[in-house]
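Take a look at the letters that make up each chain.
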Amino acid sequence: MATESSESEEEGKIRGGNDKLIVDDDLREMGKNAAWSVSSCKPGNGVNTLRDDNLETYWQSDGLQPHLINIQFQKKVRLQLVALYVDFKLDESYTPSKISVRAGDGFHNLKEVKSVELVKPSGWVSISLSGTDPRETFVNTFMLQIAMLSNHLNGRDTHIRQIKVYGPRPNPIPRQPFQFTSTEFITYSTLR
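Model, not experiment: these values are computed from the prediction. (Residues numbered from 1 in each chain as written. Predicted model: local features only at pLDDT ≥ 70, side-chain atom pairs only at ≥ 80, totals over all residues. Heavy atoms only, no water.)

Enquirer: Can you walk me through the pairing of strand S8 (residues 96-104) in this structure?
Expert: In the case of a regular strand, side chains alternate between the two sheet surfaces. For S8, the buried fraction is high: seven of the nine residues fall into the buried class. Across eight bridges, S8 lies against strand S11 (residues 139-151) in antiparallel orientation. Each bridged residue has a counterpart across the sheet, and for Val 101 the counterpart in S11 is Ile 146. Strand direction decides the pairing type here: S8 and strand S9 (residues 111-119), joined by six bridges, are antiparallel. Paired with Lys 98 across the two strands is Glu 117, which belongs to S9. In this antiparallel pair of consecutive strands, S8 and S9, the connection spans six residues. (Buried < 20%, exposed > 50% of the residue type's maximum accessible area, 1.4 Å probe, protein only. Helix = DSSP H or I, 4+ residues; strand = E, 2+ residues; numbered from the N terminus. Pairing = 2+ DSSP bridges.)

Enquirer: How should I be thinking about the nonpolar core in this particular structure?
Expert: Across soluble globular proteins, nonpolar side chains show a tendency to be buried alongside one another. Membership of the largest hydrophobic core comes to 29 residues, with the highest contact counts inside it found for Ile 69, Ile 71, Leu 144, Ile 160 and Ile 163. Elements represented by at least two residues in this core include exactly strand S4 (34-38), strand S6 (67-79), strand S7 (81-87), S8, S9, strand S10 (122-128), S11 and strand S13 (162-168). Among the elements that make up this core, the one with the highest residue count is S6 (five residues). Excluding residues within four positions of it along the chain, Ile 160 makes contact with Leu 50, Tyr 58, Trp 59, Ile 69, Leu 84, Tyr 85, Val 86, Pro 96 and Met 148. Leu 81, Ala 83, Tyr 85 and Tyr 166 belong to the second largest nonpolar core, which has six residues in total. (Core = buried A, V, L, I, M, F, W, Y, C linked by side-chain atoms within 4.5 Å. Contact = heavy atoms within 4.5 Å.)

Now the structure itself:
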């Protein structure tokens with residue numbers, strides 16, 4: 001898991017944010033393996049600005065809410081964490097306040113996995129996709145949809161500066177319950 005922003009699970013509210021994105025070593029970024037699309041955008045502020053690793057650029061929606069970001073994978077993947085960079089200080093009424101994360105096989109069967117309320121966020125906000133059951137540490141899905149349901153100060157359009165999607169790292173040795181990190185241990189990890 002990543003270091004969470006001060007989140008209270010009972011209320012589903014996330015306050016503040018982190019200047020630096022801190023993610024555990026057992027997670028890997030999965031967004032590069034996906035096809036990204038948005039429900040709408042202003043010219044020059046399209047879907048490519050969500051993935052350009054530049055915090056100065058942003059995607060800006062254009063139209064009625066909810067504003068949608070669709071992340072589609074060619075094969076079923078396990079996802080554990082969504083990290084968004086939003087900045088209330090710079091974007092004010094363009095900053096989302098209610099976000100719904102949905103997962104499914106496609107547009108026809110999306111189900112809400114997590115719903116959060118952001119309270120004047122500034123920085124990286126981490127949304128864990130794990131369920132209430134401790135065995136549900138990830139979501140197994142073909143598609144993830146992030147829906148901005150409302151904005152701060154009743155704003156109409158949304159600014160999102162960056163999005164990263166993380167899933168668990170695969171174990172390099174099949175059928176092994178734990179993972180060796182040194183090359184020497186990996187060499188002697190199986191019996192013949």
